[in-house]
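Here are the chains, one letter per residue:
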Amino acid sequence: MVRYYCPYCNPKYQLQKKSLKGNLICGLCGEDLVKKPFIRLNQIIALVAALSLLLPLIYTFIFLIKNQINPPNKNYQANGNLMIFIKEQTS
């Protein structure tokens, strides 16, 4: 990946040369080359947008798989204290 580019020339035809001072210059137009940033702001914004859409989906799938492996205990048996309270009221 080229770390320097000429802002005026087509990226397909860029040639890099060194000037007498040691700076990189464009081989076509002679302008100084500009250094590309490793991470650009629009890449960070795109990553945050993609994660905001994907994380809830991943979170849902994790809990779906977890509940299929270890289903939650559903105890429908009535509470013992409630049964005693109902018997006392009917007697």
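Remember, predicted model here, so these are calculated numbers, not experimental data. (Residues numbered from 1 in each chain as written. Predicted model: local features only at pLDDT ≥ 70, side-chain atom pairs only at ≥ 80, totals over all residues. Heavy atoms only, no water.)

1. Some thoughts on helix α1 (residues 41-69)
Side chains that are three or four residues apart share a direction in an α-helix, a result of its 3.6 residues per turn.
1) Next: The first and last C-alpha atoms of α1 sit 41 Å apart over 29 residues, in line with the 42 Å expected at 1.5 Å per residue.
2) Next: The sharpest bend along α1 comes to roughly 30 degrees, located at Leu 54, with the proline Pro 56 sitting one to four residues further on. (Helix = DSSP H or I, 4+ residues; strand = E, 2+ residues; numbered from the N terminus. Expected span 1.5 Å × (residues − 1). Bend = angle between axes of the 7 residues up to and from the residue.)

2. Quick notes on the confidence of the model for the protein chain
1) Next: Of all residues in the protein chain, 76% attain a pLDDT of 70 or more, and the chain-wide mean is 80.
2) Next: Averaged over each element, pLDDT in the protein chain is lowest for helix α2 (residues 80-90) (58) and highest for α1 (92). (pLDDT = per-residue confidence, 0-100.)

3. A short note on the environment of Gln 43
1) Next: The topology assignment puts Gln 43 in helix α1.
2) Next: What makes Gln 43 partly exposed here is its relative accessible area of 35%.
3) Next: At 3.0 Å, the side chain of Gln 43 forms a polar contact with the backbone nitrogen of Arg 40. (Buried < 20%, exposed > 50% of the residue type's maximum accessible area, 1.4 Å probe, protein only. Polar contact = N/O pair within 3.5 Å; in protein donor to acceptor, adjacent residues only side chain to side chain.)

4. Remarks on the packing of aromatic side chains
1) Next: Evaluation of the coordinates by the stated rule reveals one aromatic pair.
2) Next: Centroid distance Tyr 59 to Phe 63: 4.8 Å. Interplanar angle 70 degrees. Geometry classified as edge-to-face. Separated by four residues within a single helix, Tyr 59 and Phe 63 lie in helix α1, roughly one turn from each other.
3) Next: Given a relative accessible area of 53%, Tyr 59 falls into the exposed group. (Phe/Tyr/Trp six-rings, centres within 6.5 Å; stacked < 30°, edge-to-face > 60°.)

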